[in-house]
Amino acid sequence: MSSDVVNTKRAKANAAGPYGKVGQALNELDDRLGVAKGGRTFMDKIFPDHWSFMLGEIVLYSFVVLLVTGVFLTLYYIPSTALVTYHGSYLPLDGQRVTEAFASSVNLSFAVRAGLLMRQMHHWACDIFIGAMVVHMARIFFTGAFRKPRELNWTIGTTLLILAIVNGFLGYSLPDDLVSGTGIRIAFSIVLSIPFVGSYLGFFVFGGNFPGATVIPRFYILHVLIVPALILGLVGAHLFLLVRQKHTQFPGKGRTEKNVVGTPMFPVFMAKTTGFLLMVSGVIALLGAFAQINPIWQFGPYEASRISYAVQPDWYMGFLDGALRIWPSWSFHSFGHTIPFEVFIPAVVLPGIIFNIAYAWPAIERHFTKDNEMHNLLDRPSNRPKRTAAGVAVLALLSTLFIASSTDVMANFFHLPLTEVLWGMRILVILSPFVAYPITWKICKEVQAVKGGGKRKTTNVVTRTAEGEYVATAAPVYVDDAHSELEATPVPRFIIEEPDEQDESGVRTAER
Amino acid sequence: MSEHDDHGTPVSLKGLSANDPHLQPAARNPVLVERVIAVTFVLGIVLVVGFGACYWVNAAPWTLGATMGGGLFFLGVGLVAWGKYLMPKGPFVEERHVLANTDQDRDAFAAAIVERGGSVIKRRKMLGGLLGGGLGLFGVVALFPLLRSLGPLPKGTLFHTDWRSGTYAVDITGRRVQVGDLAVGSIVTVYPEGRQTSDRGQAVDQTVLVRISNENFVTQKGRETWGPHGYLAYSKLCTHLGCPVGLYEQELQLLVCPCHQSMFNVTNGAIPQFGPAPRPLPQLPLYVDASGYIRSQKDYDQPVGPGFWERS
Amino acid sequence: MLSIVSMFAMGPLVLFVGSANASSHTADQTTRKNSGTPNSSDVTINPKTGVVISYGDSAITYNAPSTSLAKLGQALFLQNCASCHGTAANGVPADGTGGAYPNLVGVGPATIDFWVDSGRMPAADPRAIQANRRAPRLNKKQALEIASWVNSLDPSYPDIPTPHLKDANVSDGAALFALNCAACHTIEGDGDALAQGTYAPSLRNIPAFEVVEAIRTGPGNMPRFTGNLSDKQVRDVVKYVTTEIQHPQNTGGLGLGGLGPVAEGFVGLLIGVGLLALLGFWVGERQ
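A. Region of interest: the interface of chain B and chain C. With 39 residues of chain B at the interface, the matching set in chain C holds 37 residues. When the two sides are added together, the surface that chain B and chain C hide from each other amounts to roughly 3200 Å², 50% of it contributed by carbon and sulfur. Contact with chain C buries area across many residues of chain B, yet Gln-250, Glu-251 and Leu-252 of chain B alone supply 22% of it, more than any other trio. Counting across the interface, chain B meets chain C through one salt bridge. Close ionic contact of Glu-285 of chain C with Lys-84 of chain B constitutes a salt bridge, the shortest N to O distance being 3.6 Å. Across the chain B-chain C interface, the total number found is 16 residue pairs in polar contact (both at pLDDT 80 or more). When residues of the side of chain B that touches chain C are traced back to their parent elements, those giving at least two are helix H2 (61-86), strand S4 (186-192), strand S7 (247-249), strand S8 (254-256), strand S9 (263-265) and strand S10 (271-274) of chain B. A per-element tally of the side of chain B that touches chain C places H2 of chain B first, with seven residues.

B. Structural view of the nonpolar core. Ranked by internal contacts, the top residues of the largest apolar core, which has 186 residues, are Ile-130 of chain A, Leu-255 of chain B together with Phe-177 of chain C. Of the residues forming this core, the biggest block, 15 residues, is contributed by helix H6 (residues 115-143) of chain A. With near-sequence residues (within four places) excluded, Ile-130 of chain A lies in contact with Leu-161, Ala-164, Ile-165, Trp-315 and Tyr-316 of chain A.

C. Main features of the state of the cysteines. Residue and element names in this part refer to chain B. Per the stated rule, a full pass over the model turns up one disulfide over all chains. Note that Cys-243 is cross-linked by a disulfide to Cys-259, the S-S spacing being 2.0 Å. Measuring the twist about the S-S bond at about -90 degrees, one finds the Cys-243-Cys-259 disulfide to be left-handed. Separated by 16 residues along the polypeptide, Cys-243 in the loop between strand S6 (231-235) and S7 and Cys-259 in the loop between S8 and S9 bring together distant segments of the chain.

D. Spotlight on empty space enclosed by the protein. Throughout the structure, instances matching the rule amount to eleven cavities of 30 Å³ or more. The calculated volume of the largest cavity comes to roughly 120 Å³. Around the largest cavity, the lining comprises 15 residues; the ones closest to its centre are Arg-185 and Asn-209 of chain A together with Leu-158, Leu-237 and Val-304 of chain B. The dominant element in the lining of the largest cavity, judged by the number of residues it contributes, is helix H8 (residues 178-192) of chain A, at three residues. Residue composition of the lining of the largest cavity, grouped by class: ten nonpolar, four polar and one charged.

E. Here's a closer look at the sheet that holds S7 of chain B. Residues and elements named next belong to chain B. Spatially, the four strands line up as an open sheet ordered S7-S8-S9-S10, and their pairing is antiparallel. Each edge of the open sheet carries a strand with a single partner, namely S7 and S10. Neighbour to neighbour, the strand axes of the sheet diverge by 35 degrees on average, direction disregarded.

Analysis parameters
- Residues numbered from 1 in each chain as written.
- Chains lettered and ligands numbered in written order.
- Predicted model: local features only at pLDDT ≥ 70, side-chain atom pairs only at ≥ 80, totals over all residues.
- Heavy atoms only, no water.
- Contact = heavy atoms within 4.5 Å.
- Buried area = accessible area lost by both parts, 1.4 Å probe.
- Salt bridge = Lys/Arg side-chain N within 4 Å of Asp/Glu carboxyl O.
- Polar contact = N/O pair within 3.5 Å; in protein donor to acceptor, adjacent residues only side chain to side chain.
- Helix = DSSP H or I, 4+ residues; strand = E, 2+ residues; numbered from the N terminus.
- Core = buried A, V, L, I, M, F, W, Y, C linked by side-chain atoms within 4.5 Å.
- Buried < 20%, exposed > 50% of the residue type's maximum accessible area, 1.4 Å probe, protein only.
- Disulfide = S-S within 2.5 Å.
- 1 Å grid on protein atoms, 1.4 Å probe; cavity = no way out; pocket = protein on both sides within 12 Å on 5 of 7 lines; lining within 4 Å.
- Points joined across faces, edges and corners; volume = space filled by probe spheres on them.
- Nonpolar A, V, L, I, M, F, W, Y, C, P; charged D, E, K, R; others polar.
- Pairing = 2+ DSSP bridges.
- Axes fitted to C-alpha atoms, helices over the stretch in contact; angles between N-to-C directions.

Bear in mind that shape data such as this cannot, by itself, settle questions of function.
Printed below as a string of structure tokens:
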């Protein structure tokens, strides 16, 4: 700048450049970090905004809620199995010897302001996190978004699902209450059932025979540090790949394999996604306010000789509990050794097979379709009947296994004997995939056969002629549909302000 | 096609007129929409402040969640509506670059790895092998502290309980059970004396004591003395997954496990007749001493609880 | 009709259920007698018969129904009960199907009072495996009269209990409940299905004295808790049941039926994820 710049407001404004003080600050940032080019590119990024792409956001934002509420909880929870005498506002526990883990969880619920809300939000957020993850994963599967070049993201996603389920189990076991303690006992027995190494692995993980004094502190550090660190790292990689490879999109007007049509990152997408973050947090907080979850004070502390009827694990572990209930008691016992197949197969082999099929699916599909092309356009599920039917069959299997975890509750509700309910569930679990597959396949075929099926329909106006005939004509397109008739344009480098008439609210009347 | 800069934005596109339809709000009546959004924002703010107030006066937990949740929700609704209805409606497009680099770059990348790496390994095969072997062995050995230091070896721990010859059966309060305590159809959870509040006593030694008759009861051949005065003792650990089998139906004479509904017949040695449990509950041999106390003759004749590899 | 249906259900069950069960069901009931001893330092027992003479613990007072009620009781019994239990209350009805119904001689007044007061008796369906609780057909006075008459045939225990809950320790009661009762009735007290069509009933709506009667007499498949629980301990359990179980502190919001994580899962998935997906439908576009 020349030294004889006049020290006036206008001179200063001119000196600051066309973008004013903000532009100057950004220039300073660019001097140090070199962010200008990358920043502009980032803000121009286009996000297709089909509603099914919001499912991943539900997962991400419920994870944010988990982190925030989780930090709050760590400030009060004590991960120790040392016994203390509970003295607090909940009288039925007053004077009982309980572990510090349990006592601190009850105190957090009753003696800490907003403690119960945070605990319930944390637990609801976990249920929604994993639920939305499953729905999101199903969307990816049914639309074929896992194909080249996104197989790695699919692998990362499947791993995230496993980590989330594990962390959920670890988390709800931390308060050491009667219901979750029973789950830990079952987990120990499942580890024990592994052939050759089961008893060693069980004693290593638990620091000795069940219950052991170290299981709660170990679960704690896994739950708050090790597994969340893995999840955060993988989520970072998941989002990085998404940004680098760009989001997929459904085929449609103006959409090709070589472009992305949607809304730019700044400001539109940021506004919508931040708003969605607030909405997800709001819904979770409302659930935490009105729907009680995991009332540990009613369950009481875990003691190994106590048990309650009608307990199940949290829903995302339900398919394992259901498998354990319906599997027959086929134990292998020979040559001085026992392999408890009645535990090992439903609890270890079955989830192993299911998740390995999930991991291998991109390769399986590539093998059968011989398709090594890049795919940035999504499939409509009805256009891939075999894949859709296979996915529905697996979901049917998992859903019936989940329902099977409540056999006693169903027997009570429907006034049926336990044995009948159990046999009914066995038959349902085995048949459900074989019934779901052909039905789904047929539905897909029928949707394909309908002209324009699956596409958004235009409305018809039905008129009746004087002779009594009915005639349907396409309705005139409404104004707010017109914007979908526009050609997509690249994000403009800058906006040319043109002075034209404005009404008193400052809204430009633009030509359309 | 116009020239593009290296981010795909056409350089000839100097700018877009502010009147361009792509930059207009999607709403038909932006003024009305703006007012509605303002209302939702105000509602959100009121509720968020309400959260602060409820917290201050220590109101019931549901008020905290309702205000916080409602406040965040309405703020979110307003923000989404702003982005959806008032911001430029687009649609906008950007080109995807081919992720793959040019053939030249790919060849250069491959050459760097194959030729340079190959030359190193080809010329120093033995060193490469030794290094690889060393790192591999380190990987294996590194697992040792990660696994073994975590806990003790099981050895014989799973094979025995603390019941011995002459151990008194006590309830959770430590009171010794007497022969006159239980009526026919009664049940009590018992532990070896002194162990009723210990971890091991609860988790391993827990035993369910039922009385199914007033006279000696024989469940199986070889167990003629095990059921004095109709008292039968079975391990409370289910042989399926270790849940306490505390559910006793006295008329059906079944012990049912609440976890996965395995049903054990108490009259024949707790043989499972339904459900996933594979083995009967081990039976504890009892006797009644001269003072009328219930005591164990010896330990269980097999490991209690669920199965594991070493269980013969 | 019901017997045909239940026979059909029993058919496949026979494959899994030991054959001993069907007959032991009736064998046990015809010889049933209360021979328990409460765990109390003040209890007095007849050394010859082992039957309790007095309890002495002030936590629960037991009172035998007045013998003057017996005559009225007999009339009521003949009218409402004898068609199954027989005119001599020994389980042998007049049509001679001996042993099919429980022998009531020597069961003690509390047993009679429990079954009649909870409406389970007179039975709505005598062939059902378990009688359901319903609005009682006979009122409290009538129940006492019948109990008095049946007791007069062979006086036994326990008598009609009155628990004194003022000094009860609800925390001890919670611990005892978790160890002894939750396995059948669930930790929330909602009850659940048991084997062969039986079930543990919900505890949400029963009066205090009935809890004592159930614990001490072990109705139906419920085990009897006698000498291993003192009257003080039983009173603590009753306090817990009549306060926490029947008026739970659902501080966190709606209780979701106390059915456990499956109910929570449905709410989380249908309401949580479902609502958010619908909101996502609004946030996103349909094309």
